[in-house]
Amino acid sequence: MVDFENDIKSCIHTLQQAGTILYPTDTVWGLGCDALNEAAVEKIFTLKRRPKEKSMIILLADARDVIQYVAAPPPDIIAIIESFERPTTVIYENALGFPSNVVNQDGSIAIRVTTDPFCKALIKRLRKPIISTSANISGQATPSIYEMVEKAIIDNVDYVVRYRQDDERISSPSRLVRINDEGEMVVLRK
């Protein structure tokens, strides 16, 4: 097993202090913070120079956790999430418990249940969802690997994860879907 224990401990300490992290996800390199901390989320918007209207993705460790953060998800949502064969972010109506700067203006929230061992361990140990947005200035290229992350991002986060910095596998952003009121899945980004 790969050892990322020191990174996990450092991330948890940073996140508990309303800090920001640069970390590898199940897709691309991301910027993260405690998704329930409004001030920390604000730091991510500032760092990315991202318009406030563009909400960010939330990472959870387990499919069953969705029920805690979404009002009236489809009854079979856990089975749906567990059937995904690739990283998939789902947009849900009626977010619950998140600060206003995390929720889209229409009340929706984008959530991905991660399968990445590092992210899963981090979220479970933190016991809170984390923000996952690409580690780039808004409008710039999305960094698939650590070497692609801009110096301005690296220099301005509170903690940079060492785990997987030398990984050169190119990954794509997650598939993006919306599940409508009838339980039908609409693909927004393949």
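Let me sum up the structure you'll find in this document. (Residues numbered from 1 in each chain as written. Predicted model: local features only at pLDDT ≥ 70, side-chain atom pairs only at ≥ 80, totals over all residues. Heavy atoms only, no water.)

1. Notes on the packing of helix α1 (residues 5-16) against helix α5 (residues 117-126)
Stage number 1. Close contact between α1 and α5 brings their axes to 10 Å; oriented N to C, the two are set at 45°. In this view, α1 runs oblique relative to α5, as classed from their interaxial angle. Like other packed secondary-structure pairs, α1 and α5 cross with a definite hand, here right-handed. For the pair α1 and α5, the contacting residues are E5, D7, I8, K9, C11, I12, L15 and Q16 in the first and F118, A121, L122, R125 and L126 in the second.
Stage number 2. Looking at the contact of α1 with α5 residue by residue, the classes come out as eight nonpolar, one polar and four charged. (Axes fitted to C-alpha atoms, helices over the stretch in contact; angles between N-to-C directions. Helix = DSSP H or I, 4+ residues; strand = E, 2+ residues; numbered from the N terminus. Parallel < 35°, antiparallel > 145°, perpendicular 65-115°, else oblique. Left-handed = near helix turned anticlockwise from the far one by under 90°. Contact = heavy atoms within 4.5 Å. Nonpolar A, V, L, I, M, F, W, Y, C, P; charged D, E, K, R; others polar.)

2. Considering the side chain of R112
Stage number 1. Structurally, the position occupied by R112 is in strand β5 (residues 109-113).
Stage number 2. Taking the relative accessible area as the measure of exposure, R112 reaches 2% and is therefore buried.
Stage number 3. There is a polar contact of 3.4 Å between the side chain of R112 and the side chain of S174.
Stage number 4. Look past the residues within four positions of R112 in its chain and what remains in contact with it is T25, D26, T27, I57, I58, L59, L60, P87, T88, T89, S132 and S174. (Buried < 20%, exposed > 50% of the residue type's maximum accessible area, 1.4 Å probe, protein only. Polar contact = N/O pair within 3.5 Å; in protein donor to acceptor, adjacent residues only side chain to side chain.)

3. Quick look at the sheet that holds strand β7 (residues 159-160)
Stage number 1. On the basis of which strands lie adjacent, the open sheet formed by nine strands has the order β7-β1-β2-β6-β3-β5-β4-β8-β9 and mixed pairing. In the strand order of this sheet, the two ends are held by β7 and β9 (185-189), each with one partner.
Stage number 2. Bridge count for strand β4 (residues 88-92) against β5 is four bridges, and the pairing is antiparallel. Paired with I91 across the strands is A110, a residue of β5. (Pairing = 2+ DSSP bridges.)

Geometric values such as these leave the question of function open.
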